Amino acid sequence: IPSQVSLGSIELKKSSFGQAMARFGQLMGKVSVPSQWIKEAREFTADVYSHRIAAASLAMQDGRFLDALNILNELEQFCQSLQQWSCPAALSDSISRGHYGMYRSYLSVARRAYQSANYSFAVTYIESAQQYSNENRRYITDDSQALALLQQVVQGYYQQAEDAIMRYDFATALRLLETVGNICAGQPGVHCRSDAAELVRRAEEGRISAERISIPVIIAEPAIQ
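1. What about the overall build of the protein?
Link 1 in the chain: A tally of regular secondary structure across the protein gives nine helices and zero strands.
Link 2 in the chain: Put simply, the protein runs from its N terminus to its C terminus through helices and strands in the order α-α-α-α-α-α-α-α-α.
Link 3 in the chain: By its C-alpha atoms, the protein is 115 × 50 × 20 Å across when sized along the principal axes.
Link 4 in the chain: Of all 225 residues assigned to the protein, the portion counted as buried reaches 40%.
Link 5 in the chain: A total accessible area of about 13500 Å² is found for the protein, and carbon and sulfur atoms account for 52% of it.

Next comes the structure, spelled out in structure tokens:
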């Protein structure tokens, strides 16, 4: 056991964390460590865990949530291989923070797009955040941020549509209203305007009226001087 600990220490110093975890994953597996060495083996296993959990925390502080999750997933597999040492329950909390960080990263991009009135781009990233949340429901239990931002985007679409009607740009208004209508149909949690159909009717009537307007033009050849 002391030689294994010495080799593991060298691997940690060389940042060969995978090798150290593989070594002690086997060592602390089903076969019991001799009682006189169990304390030393457990202490080093705890050191391996501490190194990796610290690296994951640093990655999350830097906003590198995918890197953090890669570390944490590897650490979770390491913990599952252990029989003679139990990983702290805080590991699950760290994994949750990593997944929430990924979720919020999608929303951060969506929020910037919303602030720039690039609503279609915002919707794309909001839906990506919702999909990520659904795929990681074990760790992400609150998806309200995505829905709240989507609600703002929907209101922005309605405002753009009303502005387009005021400018007599009925084709744009109809396109915007169709887009927001599709969002409302696919997102039951979003509160959409009760007068949406009336807005569509106004825009459609305006478009038809504009098509009926004709201006007589008289073309005359210039007189010969």
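2. Examining the packing of aromatic side chains
Link 1 in the chain: Using the criterion set out here, one finds eight aromatic pairs in the structure.
Link 2 in the chain: With 6.4 Å between their ring centres and 45° between their planes, Y106 and Y125 make a pair best called tilted. You can see Y106 sitting in helix α5 (residues 90–115) and its partner Y125 sitting in helix α6 (residues 119–135), a full 19 residues away along the chain.
Link 3 in the chain: Look at Y106 and you get partly exposed, because its relative accessible area is 25%.
Link 4 in the chain: With relative accessibility at 27%, the residue Y125 sits in the partly exposed group.
Link 5 in the chain: Both rings, one in Y106 and one in Y132, keep their centres 5.9 Å apart while their planes meet at 50°; by these two values the pair is tilted. Of this pair, Y106 sits in helix α5 while Y132 sits in helix α6, and the two are 26 residues apart along the sequence.
Link 6 in the chain: When its relative accessible area of 12% is taken as the criterion, Y132 is described as buried.

3. Section: the state of the cysteines
Covalently bonding the sulfur atom of one cysteine to the sulfur atom of another cysteine gives a disulfide.
Link 1 in the chain: For the structure on display, the rule yields two disulfides.
Link 2 in the chain: The side chain of C79 participates in a disulfide bridge whose partner is C87; the two sulfur atoms lie 1.5 Å from each other. With the S-S bond torsion at -75°, the cross-link from C79 to C87 turns out left-handed.
Link 3 in the chain: Given a relative accessible area of 13%, C79 falls into the buried group.
Link 4 in the chain: Covalent S-S linkage joins C184 and C192, the inter-sulfur distance amounting to 1.7 Å. Negative torsions about the S-S bond denote left-handed disulfides, and the value of about -100° found for C184 with C192 makes this one left-handed.
Link 5 in the chain: You can call C192 partly exposed: its relative accessible area is 29%.
Link 6 in the chain: What connects to what in the protein, once the bonded cysteines are numbered by sequence position, is 1-2, 3-4.

4. Some thoughts on the pattern of salt bridges
A side chain of one charge can pair with a side chain of the opposite charge if their charged atoms are brought near each other.
Link 1 in the chain: Evaluation of the coordinates by the stated rule reveals 10 salt bridges.
Link 2 in the chain: Between R23 and E11 there is a salt bridge, and its shortest N-O distance comes to 2.8 Å. On the criterion of sequence distance, the pair formed by R23 in helix α2 (residues 17–27) and E11 in helix α1 (residues 2–13) is long-range, its members being 12 residues apart.
Link 3 in the chain: The buried category is assigned to E11, whose relative accessible area is 7%.
Link 4 in the chain: Of the charged contacts in the structure, one is a salt bridge between R193 and D195, with a shortest N-O distance of 2.9 Å.
Link 5 in the chain: Of the residues examined, R193 reaches a relative accessible area of 29% and is grouped as partly exposed.
Link 6 in the chain: Salt bridges linked by common partners bring D62, R64 and D67 together as one network.

Thresholds applied
- Sequence positions are assigned chain by chain, starting from 1 and proceeding in written order.
- Given that this is a predicted model, residues contribute local features only at a pLDDT of at least 70 and side-chain atom pairs are listed and counted only at 80 or more, while totals for whole chains, interfaces and linings are drawn from all residues.
- To obtain the side-chain values, all non-hydrogen atoms of the structure were used and water was disregarded.
- Each helix is a run of DSSP H or I of at least 4 residues and each strand a run of E of at least 2, with the numbering of both proceeding from the N terminus.
- Think of it in three bands: with a 1.4 Å probe and only protein chains considered, a residue is buried below 20% of the maximum accessible area for its type, exposed above 50%, and partly exposed in between.
- In these tables, accessible area is a Shrake-Rupley quantity obtained with a 1.4 Å probe, and a residue counts as shielded only by the protein chains included in the view.
- A pair of Phe, Tyr and Trp rings is counted when the ring centres sit within 6.5 Å of each other, with Trp represented by its six-membered ring. The angle between the planes then sorts it: under 30 degrees is stacked, over 60 is edge-to-face, the rest tilted.
- Here, two cysteine sulfur atoms that lie within 2.5 Å of each other are counted as a disulfide.
- The salt bridge criterion pairs a side-chain nitrogen of Lys or Arg with a carboxyl oxygen of Asp or Glu, the two atoms within 4 Å.

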